[in-house]
Amino acid sequence: MTLQPLTDAQRVRIFQTLSDEKRIEIIRFLKNIERPPICGEVGQSLGISKSNSSYHLKLLSEAGLVNIRKEGVQKHIRLNLDTFEAYLPGFLATL
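On a predicted model such as this, the values are computed, not experimentally measured, just so you know.

### Structural notes on the packing of helix H2 (residues 21-32) against helix H3 (residues 39-46)
Interaxial distance between H2 and H3 falls to 11 Å at its minimum, and their mutual angle equals 115°. Here H2 lies roughly perpendicular to H3, going by the angle between them. Crossing of H2 against H3: the hand is right-handed. Across the interface between the two elements, Lys22, Glu25, Ile26, Phe29 and Leu30 of H2 pack against Glu41, Val42, Ser45 and Leu46 of H3. Here the contact of H2 with H3 is built from residues that sort into 5 nonpolar, 1 polar and 3 charged.

### Side note on the nonpolar core
Generally speaking, nonpolar side chains in soluble globular proteins are found buried as a group. Counting 23 residues, the largest nonpolar core has Leu18, Ile27, Leu30, Leu65, Phe84 and Phe91 as its most contacted members. Looking at this core, the elements with two or more residues in it are H2, H3, helix H4 (50-62) and strand E2 (74-79). Element by element, the count of residues in this core is highest for H2, at 5 residues.

### A closer look at the pattern of salt bridges
One pass over the structure, following the stated rule, counts 5 salt bridges. Between Asp8 and Arg11 there is a salt bridge, with the nearest N and O atoms lying 3.1 Å from each other. With Asp8 and Arg11 both in helix H1 (residues 8-17) and 3 residues apart, this pair spans about one turn of that helix. In this structure, Arg35 and Glu41 form a salt bridge, with 2.7 Å as the shortest nitrogen-oxygen distance.

### Section: the environment of Ile77
Relative to the helices and strands, Ile77 is located in strand E2. For the pair Ile77 and Leu57, spaced 20 residues apart in sequence, the C-alpha to C-alpha distance is 8.3 Å. Contacts of Ile77, omitting those with residues within four sequence positions, involve Leu30, Pro36, Pro37, Cys39, Val42, Leu57, Val66, Asn67 and Ile68.

### A word on the side chain of Asn80
Assignment of secondary structure puts Asn80 in the loop between E2 and helix H5 (81-87). The class for Asn80 is buried, based on a relative accessible area of 10%.

### Some details on the packing of aromatic side chains
All told, the structure shown has 1 aromatic pair when counted by the stated rule. With a centroid separation of 5.9 Å and an interplanar angle of 20°, the aromatic rings of Phe84 and Phe91 are classed as stacked. The exposure class of Phe84 is buried, given its relative accessible area of 2%.

### A short note on the pairing of E2
Both strand E1 (residues 66-71) and E2 contribute to a ladder of 6 bridges, which runs antiparallel. Each bridged residue has a counterpart across the sheet, and for Arg69 the counterpart in E2 is His76. Where E1 folds back onto E2 in an antiparallel hairpin, the turn is made up of 2 residues, including Gly72, whose phi is positive at roughly 70°.

Calculation rules
Within any chain, residue numbers begin from 1 and follow the written order of that chain's sequence. With the structure being a predicted model, the display of local features is reserved for residues of pLDDT at least 70 and the display and counting of side-chain atom pairs for 80 or more, all residues being used for whole-chain, interface and lining totals. Hydrogen atoms and water are omitted, and side-chain values are computed over all heavy atoms in the structure. For helices, the axis comes from a line fit to the C-alpha atoms of the stretch in contact; other axes are also lines fit to C-alpha atoms, and the angle between any two N-to-C directions lies between 0 and 180 degrees. Every helix listed is a DSSP run of H or I at least four residues long, and every strand listed is a run of E at least two residues long, numbered separately from the N terminus. Each angle is binned into one of four classes, with values under 35 degrees roughly parallel, values over 145 roughly antiparallel, values of 65 to 115 roughly perpendicular, and all other values oblique. It is the rotation of the near helix from the far one that decides the hand of a crossing: anticlockwise by less than a right angle makes it left-handed, clockwise makes it right-handed. Any two residues whose heavy atoms approach within 4.5 Å are treated as being in contact. We call Asp, Glu, Lys and Arg charged. Ala, Val, Leu, Ile, Met, Phe, Trp, Tyr, Cys and Pro are nonpolar, and the rest, Gly among them, are polar. Definition of nonpolar core: a set of buried residues of the types Ala, Val, Leu, Ile, Met, Phe, Trp, Tyr and Cys, connected through side-chain atoms within 4.5 Å. Only protein chains enter the accessibility calculation, which uses a 1.4 Å probe; a residue whose area is less than 20% of its type maximum is buried, one above 50% is exposed, and one in between is partly exposed. Salt bridge, as used here: a side-chain nitrogen of Lys or Arg that lies within 4 Å of a carboxyl oxygen of Asp or Glu. Each aromatic pair joins two rings of Phe, Tyr and Trp (for Trp, the six-membered one) with centres within 6.5 Å, and gets the label stacked for planes under 30 degrees apart, edge-to-face for over 60, and tilted for any other angle. We call two strands paired when DSSP finds no fewer than two bridges between them.

Pasting the structure below:
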């Protein structure tokens, strides 16, 4: 996958998204789980409501930090490692 250079607006979106502790917790959870969890598992593991979890995952997805793949009625969540490696090298290692 070839990533294009970020615009300032895209940079702002990424860093605004990362400025919330709950979203950092979600990224840490996704980094440490072996298989892509479904949306409900993320919220349940972190003790947040389904709607709150969905809100945070939507923002992470819009910033390009996670990928959401729909399979039937379930949505599987995975970190977008390409974004982290290209634009935030070393970030995941600090979690």
